[in-house]
Amino acid sequence: MLKYLVPFAMCLAAQSIAAPPAAQLERAGYRVFIERCGVCHAVRGTDADGVLGPDLTHLMSRRYIGAGVLPNTVGNLGGWIADAQTHKPGCFMPTMDLTGPELQAVLAYLQTLR
């Protein structure tokens, strides 16, 4: 019986949705993310339902970003969002024209995606 429960639990975990942002900066980041990033990326349980980029529901549980190009750290994530082409020329991630405060807010939100 137990051998059937483990795959079932793993399936449920894969379908889980993101928790709503709690802090003010995270909420601001969520709004920017939905407006600017949710067109391409999905986060289950939110209005972000894009299909061009990867699903980011559990972004911070990943070890790497950019299809294995960079370790998943806040600094690398910020650099990737600001200008992915510098790290992986020709990738589909466009250069985002975010202000410094917008980028910090998006990073705060993305760090909640575990």
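For clarity, every value in this text was computed on a predicted model and none was experimentally measured. (Residues numbered from 1 in each chain as written. Predicted model: local features only at pLDDT ≥ 70, side-chain atom pairs only at ≥ 80, totals over all residues. Heavy atoms only, no water.)

## Quick notes on the overall build of the protein chain
Right, so step 1: The number of helices and strands found in the protein chain is four helices and two strands.
Right, so step 2: Each helix and strand of the protein chain, ordered N terminal to C terminal, gives the series α-α-β-β-α-α.
Right, so step 3: Restricting to contacts in the protein chain with at least 6 residues of sequence separation, those with at least 24 account for 41%.
Right, so step 4: Of the roughly 7100 Å² of accessible surface on the protein chain, a fraction of 63% belongs to carbon and sulfur atoms. (Helix = DSSP H or I, 4+ residues; strand = E, 2+ residues; numbered from the N terminus. Contact = heavy atoms within 4.5 Å. Areas by Shrake-Rupley, 256 points an atom, 1.4 Å probe, with all protein chains shown as cover.)

## With respect to the pattern of salt bridges
Right, so step 1: Counted under the stated rule, the structure contains one salt bridge.
Right, so step 2: The residue D55 makes a salt bridge to R44 at a minimum N-O spacing of 2.9 Å. Pair noted here: D55 is in the loop between α2 (24-37) and β1 (64-65) and R44 is in the loop between α2 and β1, with a separation of eleven residues, a long-range link. (Salt bridge = Lys/Arg side-chain N within 4 Å of Asp/Glu carboxyl O.)

## As for the packing of aromatic side chains
Right, so step 1: Summed over all chains, the structure comprises two aromatic pairs.
Right, so step 2: Taken together, a centroid distance of 5.4 Å and an interplanar angle of 70° make the contact between Y30 and Y109 edge-to-face. Of this pair, Y30 sits in helix α2 while Y109 sits in helix α4 (residues 100-110), placing them 79 residues apart in sequence.
Right, so step 3: Look at Y109 and you get buried, because its relative accessible area is 1%.
Right, so step 4: Centre to centre, the rings of F33 and Y109 are 5.5 Å apart; their planes meet at 50°, and the pair counts as tilted. Taken together, the residues span a long stretch of sequence, with F33 in helix α2 and Y109 in helix α4 at a distance of 76 residues. (Phe/Tyr/Trp six-rings, centres within 6.5 Å; stacked < 30°, edge-to-face > 60°. Buried < 20%, exposed > 50% of the residue type's maximum accessible area, 1.4 Å probe, protein only.)

## Some points on the confidence of the model for the protein chain
Right, so step 1: Looking at the protein chain as a whole, its pLDDT mean stands at 89, while 87% of the residues score no less than 70.
Right, so step 2: Taken as a whole, residues 5-13 scores under 50 in pLDDT and shows one contact with residues more than four places along the chain or in a different chain. (pLDDT = per-residue confidence, 0-100.)

## Describing the nonpolar core
Right, so step 1: In terms of nonpolar packing, the biggest core is built from 25 residues, with F33, V43, L59, L77, I81, L110 and L113 touching the most fellow members.
Right, so step 2: Those elements that provide at least two residues to this core are α2, α3 (74-87) and α4.
Right, so step 3: Looking at this core, the element that brings in the most residues is α4, giving five residues.
Right, so step 4: Apart from residues no more than four positions distant in its own chain, L110 is found in contact with F33, L59, M60, L77 and I81. (Core = buried A, V, L, I, M, F, W, Y, C linked by side-chain atoms within 4.5 Å.)

## What to know about the packing of α3 against α4
Right, so step 1: Running from N to C, α3 and α4 point in directions that differ by 125°, and their axes come no closer than 10 Å. Compared by their axis directions, α3 and α4 come out oblique. Between α3 and α4 lies a crossing whose hand is right-handed. Residue-level contacts link V74, L77, G78, I81 and A82 of α3 to L103, V106, L107 and L110 of α4.
Right, so step 2: The class makeup of the residues in the contact of α3 with α4 is eight nonpolar, one polar and no charged. (Axes fitted to C-alpha atoms, helices over the stretch in contact; angles between N-to-C directions. Parallel < 35°, antiparallel > 145°, perpendicular 65-115°, else oblique. Left-handed = near helix turned anticlockwise from the far one by under 90°. Nonpolar A, V, L, I, M, F, W, Y, C, P; charged D, E, K, R; others polar.)

## Some thoughts on the layout of surface pockets
Right, so step 1: Looking at the largest pocket, its volume works out to about 600 Å³.
Right, so step 2: Lining the largest pocket are 26 residues; nearest its centre among them are H41, G53, P54, W80 and M93.
Right, so step 3: Counting residues per element, the ones that place at least two in the lining of the largest pocket are α2, β1, α3 and α4.
Right, so step 4: Per-class residue counts for the lining of the largest pocket are 20 nonpolar, three polar and three charged. (1 Å grid on protein atoms, 1.4 Å probe; cavity = no way out; pocket = protein on both sides within 12 Å on 5 of 7 lines; lining within 4 Å. Points joined across faces, edges and corners; volume = space filled by probe spheres on them.)

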